[in-house]
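Structural overview
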Amino acid sequence: MRIWLIGADRIGVSVLQQLKKSDTIEVVVSDLSERPRAVTEKIIPMVDYVETVTPININHLAKRIRPDLILIDRGAAERMLSRITGGVEFAQSIQEEIAAASEVPCLVIG
């Protein structure tokens, strides 16, 4: 199974630690930052893709990555927008829109 993890913050780190227990699961990680928590805590050496995922480009990116399942770490986008008034709520609504627009099964975690 191939899983695309969007965001590698606190929940993403936990997910990666659990998914590493199975040799049959391949995880592709993307994040807005080159050094999210999963990299700084040495859970993974680097993210596979540094890019912004939106409801508009989710399916285009998914065709390139070819996941069976997409997981979105809610905390990753919130980390980037938390200093803006209403940023957390905005991040949550965008993530819900990404999940709704995705042609691949997609879960927002966190």
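Read on for a plain summary of the structure.

Parameters at a glance
- Sequence positions are assigned chain by chain, starting from 1 and proceeding in written order.
- Only residues with pLDDT of at least 70 are given local features in this predicted model, and only at 80 or more are side-chain atom pairs given and counted; all residues enter the totals for whole chains, interfaces and linings.
- By convention in this description, side-chain values take in all heavy atoms of the structure and omit both hydrogens and water.
- Each residue is assigned to one of three classes by its accessible area relative to the maximum for its type, calculated with a 1.4 Å probe on protein chains only: buried under 20%, partly exposed between the two thresholds, exposed over 50%.
- A run of H or I in DSSP becomes a helix once it reaches four residues, and a run of E becomes a strand once it reaches two; helices and strands are each numbered from the N terminus.
- Note: the arc covers the axis-to-C-beta directions of the helix.
- Two strands make a pair as long as DSSP finds a minimum of two bridges between them.
- With strands facing away from the observer, any crossover in which the path from the first strand over the helix to the second runs clockwise is taken as right-handed.
- The criterion used for residue contact is that any of the two residues' heavy atoms lie within 4.5 Å.
- To obtain an axis, a line is fitted to C-alpha atoms, over the contacting stretch when the element is a helix, and the angle between two such axes runs from 0 to 180 degrees between their N-to-C directions.
- The criterion is simple. A nonpolar core is a set of buried Ala, Val, Leu, Ile, Met, Phe, Trp, Tyr and Cys residues joined through side-chain atoms within 4.5 Å.

In this section: helix α3 (residues 58-65). A turn of α-helix holds 3.6 residues, and therefore any two residues three or four places apart point the same way. Taken together, the buried positions of α3 are occupied by Ile58, Asn59, Leu61, Ala62 and Ile65. All buried residues of α3 lie within an arc of 160° about the axis, which places them on one face of the element. Exposed positions of α3 whose direction lies more than 90 degrees from the buried face are His60 and Lys63. Downstream of α3 by one or two residues, Arg66 has phi in the positive range, about 60°.

We now examine the pairing of strand β1 (residues 2-6). Within β1, five of the five residues are buried, which leaves it mostly tucked inside the rest of the structure. Burial of the side chains of β1 extends over both faces: Arg2, Trp4 and Ile6 are buried on one face and Ile3 and Leu5 on the other. Summarising the sheet, β1 and strand β2 (residues 26-31) pair through five bridges and their orientation is parallel. From the neighbouring strand, Ile6 faces β2, where its bridge partner is Ser30. Handedness of the β1-helix α1 (residues 10-19)-β2 crossover: right-handed. Sheet topology places β1 next to strand β4 (residues 69-73); four bridges connect them, and they run parallel. Bridge pairing in β4 links Ile6 to Ile72.

Spatially, five strands are ordered β3-β2-β1-β4-β5 in an open sheet, and the strand pairing comes out parallel. Each of the sheet's edge strands pairs with one partner strand only, and the pair in question is β3 (49-50) and β5 (106-109). Contacting β1, β2, β4 and β5, α1 runs over the sheet at an angle of about 140° to β4. Seen against the sheet, α3 touches β1, β2, β3 and β4 and runs at an angle of roughly 140° to β1.

Located in the positive-phi region is Lys42, a residue other than glycine, with phi close to 60°. With respect to the helices, strands and loops of the structure, Lys42 is situated in the loop between α2 (37-40) and β3. Its identity as a non-glycine residue notwithstanding, Arg66 has a phi of 60°, on the positive side. A relative accessible area of 54% places Arg66 in the exposed class.

With that out of the way, let us pick up the nonpolar core. If you look at the biggest cluster of nonpolar residues, it comprises 17 residues, and the most contacted ones within it are Leu16, Val29, Ala38, Ile44 and Leu71. Put simply, the parts of the chain that give this core at least two residues each are β1, α1, α2 and β4. When near neighbours in sequence (up to four residues on either side) are disregarded, Ala38 contacts Ala8, Val13, Leu16, Ile43 and Ile44. Membership of the second largest hydrophobic core comes to 14 residues, among which are Trp4, Ala62, Ile98 and Ala99.

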